[in-house]
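Breakdown of the fold
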Amino acid sequence: MNVDKEGQVGRMAYLICSSERTTASGNDMETRALLHLMCYDEHRDDIDGFAIDFFNDVTGMDHMGYRLYDVQSKKANSSPSAIGEELVTLYKNYVSEFSDYFVEQILFLGSITNTVLTDDTLKEFGYDDMTDRAKKSVRDRLIIACKKKTYIDDADIDGERIDAFLNRVRFVLADTDEAHYIKPLIRSSSSLLTSDRQLRAIFNEIKNAQSNIKNNVAVEGVSVETPGEAYDYGRVLETKKISLLALQRLINCNPYEVSIPTSFSAIYNAWPPERDRELLNECQNGVALQLMDKNAAQPFWELFSQIVTSLENGAQDVDEVFSSINREVLGQCRHLNPLSTKYFIAMVKDGLEL
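So, here is what we can say about the structure in this document.

Cut-offs used in this document
Residues numbered from 1 in each chain as written. Predicted model: local features only at pLDDT ≥ 70, side-chain atom pairs only at ≥ 80, totals over all residues. Heavy atoms only, no water. Pairing = 2+ DSSP bridges. Helix = DSSP H or I, 4+ residues; strand = E, 2+ residues; numbered from the N terminus. Contact = heavy atoms within 4.5 Å. Axes fitted to C-alpha atoms, helices over the stretch in contact; angles between N-to-C directions. Phe/Tyr/Trp six-rings, centres within 6.5 Å; stacked < 30°, edge-to-face > 60°. Buried < 20%, exposed > 50% of the residue type's maximum accessible area, 1.4 Å probe, protein only. Lys NZ or Arg CZ within 6 Å of the ring centre and 35° of its normal.

A word on the sheet that holds strand E9 (residues 236-238). Read from one edge of the open sheet, seven strands run E6-E7-E5-E4-E3-E2-E9, paired in mixed fashion. If you trace the sheet from one side to the other, it starts and ends with strand E6 (124-125) and E9, each paired once. When strand E2 (residues 49-52) meets strand E3 (residues 58-61), the two strands line up antiparallel, connected through four bridges. Its bridge partner lying in E3, Phe50 is registered against Gly60. Each of E2 and E9 is contacted by helix H8 (residues 239-251), which is oriented at about 60 degrees to E9, the strand it contacts most.

Printed below as a string of structure tokens:
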């Protein structure tokens, strides 16, 4: 792939192959891998969506699909030879027609044997962090695995390319606690929002959305000319959808489908009747835009947290909650004005199980 200074991208063919069905535990790992990219990866701010079981188990994408963050996940306790075997799909992409699109490649592992690392305390590591014996085993088994795959040409199984790939790939050990992957999403210290049960529910919402995409139309054998075509096949789960799933679970409703929250009725009834639809649309659009603005995720979730805290502390109505919110936080939520903020407060107040 070539991207010129004007952002024009050359067209070439990439064949989707080796899609596979996974077990429930495998699905858990793939969701952890997705949330690792979204919440902890150093490139997380560049990621707008995730291609699901298209280029690999999970592949983070920038908004146009020009930069790909590739992840293969495995739950099993992996020995050095097993790690070499598991690297094959990442290597397939490394030498593929789309090789220049892939800016990061990660093997996401459930656990590893004690023969892999020179320092067993590492949770993220590179090839150089492995023992000499482990490195040889990983490399040898990767070469054997590549030779077995029909989708990797013999000409691509080159010692220098293998070494360059191994020195590029990152290895990440999964955290067994699902809450570890959800807490950065909602960014709140409220016990109401961060109970283990609530966090597991959000994790499962995301896992189900991921599985629904994966089990949709089959893509094995499909040929694409640009990574963005993953959208054409309905294979992308966007970060804004994940934020919506989290919020929807917390307030027990879809904020895009709420009409007039009961707690907002007094404000709504005071409007001039001829402006009802206009003002309501402005409120709904403000909430939607604020939720979708990933660059303002921290202020949005801080606003949400302060609303919940105010309600937990006994605030009785929307205006009382609104007056309790930090002005700096309100100012950072630039898609919300006082009216749409009160609409959001009412939505949260009616939806929370206090």
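If you walk through the whole model with that rule in mind, you get 19 aromatic pairs. When the ring of Phe264 is compared with that of Tyr343, the centres are 5.3 Å apart and the planes differ by 90 degrees; the resulting orientation is edge-to-face. You can see Phe264 sitting in the loop between H8 and helix H9 (265-269) and its partner Tyr343 sitting in helix H14 (residues 338-351), a full 79 residues away along the chain. Judged by relative accessible area, which is 0%, Phe264 ranks as buried. Aromatic side chains Trp301 and Phe304 sit 5.5 Å apart centroid to centroid with 80 degrees between the ring planes, which places their arrangement in the edge-to-face category. Pair noted here: Trp301 and Phe304 are both in helix H11 (residues 297-312), with a separation of three residues, about one helical turn. Members of the aromatic cluster, joined through ring pairs, are Tyr14, Phe54, Phe55, Phe98, Tyr101, Phe102 and Tyr233. Its guanidinium or amino end placed over the ring of Tyr127, Lys135 lies 5.8 Å from that ring's centre, counting from NZ or CZ.

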